[in-house]
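As a plain string of letters, each chain reads:
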Amino acid sequence: MSEESWLSGKLEGFADVMMPTAHALVQAIRDLEKVSDLTDEELLTKPNNSPSVAFHLRHIAGSCDRLLTYAKGKNLNEEQFEFLKYETSETSVYDAKSLAKLAVSEIERVLEFCETVSPEILFESRFVGRKKLETNVFGLLFHIAEHTARHVGQITTTAKIVRK
């Protein structure tokens, strides 16, 4: 099997239209497994005042959860707003392994939704945030994948810089 998910062929259980999203999310999980051994110091280090690996891991978990909520046509709850505040915290109550596991579990929730989502609803309108900005289910799922990939790339680079 290729190290690149998108070169590994069709993923079982996903509609063809969902394959790029699924491949990107599977790749994110593979890449996140490579940073679960960071020390607490490495996890929280902000090289050149850039975001820490801890921030990116928390943000992946929180953004996947929030965007999936919108994809399901629901509004955010208080717990999600509280987690949003925690994402930017300068400290972490978790170690790298626990934070990576948290991010991966949220990515897996998105993958489960991608497996079961009916292609007929992919272009139904959905609304994001307090301003109720309009998008659709497909746009939200695609955004989850590309947004997650962007942050995983930042994690990978930051981890290379901060590793002792």
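This write-up is about the structure you can find in this document.

Conventions and cut-offs
Residues numbered from 1 in each chain as written. Predicted model: local features only at pLDDT ≥ 70, side-chain atom pairs only at ≥ 80, totals over all residues. Heavy atoms only, no water. Core = buried A, V, L, I, M, F, W, Y, C linked by side-chain atoms within 4.5 Å. Buried < 20%, exposed > 50% of the residue type's maximum accessible area, 1.4 Å probe, protein only. Contact = heavy atoms within 4.5 Å. Salt bridge = Lys/Arg side-chain N within 4 Å of Asp/Glu carboxyl O. Helix = DSSP H or I, 4+ residues; strand = E, 2+ residues; numbered from the N terminus. Pairing = 2+ DSSP bridges. 1 Å grid on protein atoms, 1.4 Å probe; cavity = no way out; pocket = protein on both sides within 12 Å on 5 of 7 lines; lining within 4 Å. Points joined across faces, edges and corners; volume = space filled by probe spheres on them. Nonpolar A, V, L, I, M, F, W, Y, C, P; charged D, E, K, R; others polar.

1. Description of the nonpolar core
Line of reasoning, step 1. Core analysis: the largest hydrophobic core is formed by 42 residues, its most contacted members being Leu-32, Leu-57, Ile-60, Ile-107, Val-110 and Leu-141.
Line of reasoning, step 2. When near neighbours in sequence (up to four residues on either side) are disregarded, Leu-57 contacts Leu-32, Leu-43, Ala-96, Leu-99, Ala-100, Ala-103 and Ile-155.

2. A short note on the pattern of salt bridges
Line of reasoning, step 1. If you walk through the whole model with that rule in mind, you get 10 salt bridges.
Line of reasoning, step 2. The salt bridge partner of Glu-3 is Lys-34, with a shortest N-O separation of 3.9 Å. Residue Glu-3 is located in the segment before helix H1 (19-32), and its partner Lys-34 is located in the loop between H1 and helix H2 (40-44); the two are separated by 31 residues in the primary sequence.
Line of reasoning, step 3. Across the pair Glu-87 and Arg-66 runs a salt bridge whose closest N-O atoms are separated by 2.5 Å. Of this pair, Glu-87 sits in helix H4 (residues 78-87) while Arg-66 sits in helix H3 (residues 53-71), placing them 21 residues apart in sequence. For the pair Glu-87 and Arg-66, a shared accessibility class is recorded, and that class is buried.
Line of reasoning, step 4. Each of the salt bridges in this network shares a partner with another, and the network as a whole consists of Glu-3, Asp-31 and Lys-34.

3. Brief notes about the pairing of strand S2 (residues 133-136)
Line of reasoning, step 1. One ladder, built from 4 bridges, connects strand S1 (residues 125-128) with S2; its direction is antiparallel. Bridge pairing in S2 places Arg-126 opposite Thr-135.
Line of reasoning, step 2. If you look at the hairpin formed by S1 and S2, you'll find 4 residues sitting between the two strands, and Gly-129 has a positive phi there, around 75°.

4. Structural notes on the layout of surface pockets
Line of reasoning, step 1. As a volume, the largest pocket reaches approximately 250 Å³.
Line of reasoning, step 2. For the largest pocket, the lining is made up of 14 residues, of which Arg-66, Tyr-70, Leu-76, Phe-81 and Gly-129 are closest to its centre.
Line of reasoning, step 3. Of all elements in the fold, only H3 and H4 reach the threshold of two or more residues within the lining of the largest pocket.
Line of reasoning, step 4. The biggest single contributor to the lining of the largest pocket is H3, with 5 residues.
Line of reasoning, step 5. By residue class, the composition of the lining of the largest pocket is 6 nonpolar, 5 polar and 3 charged.

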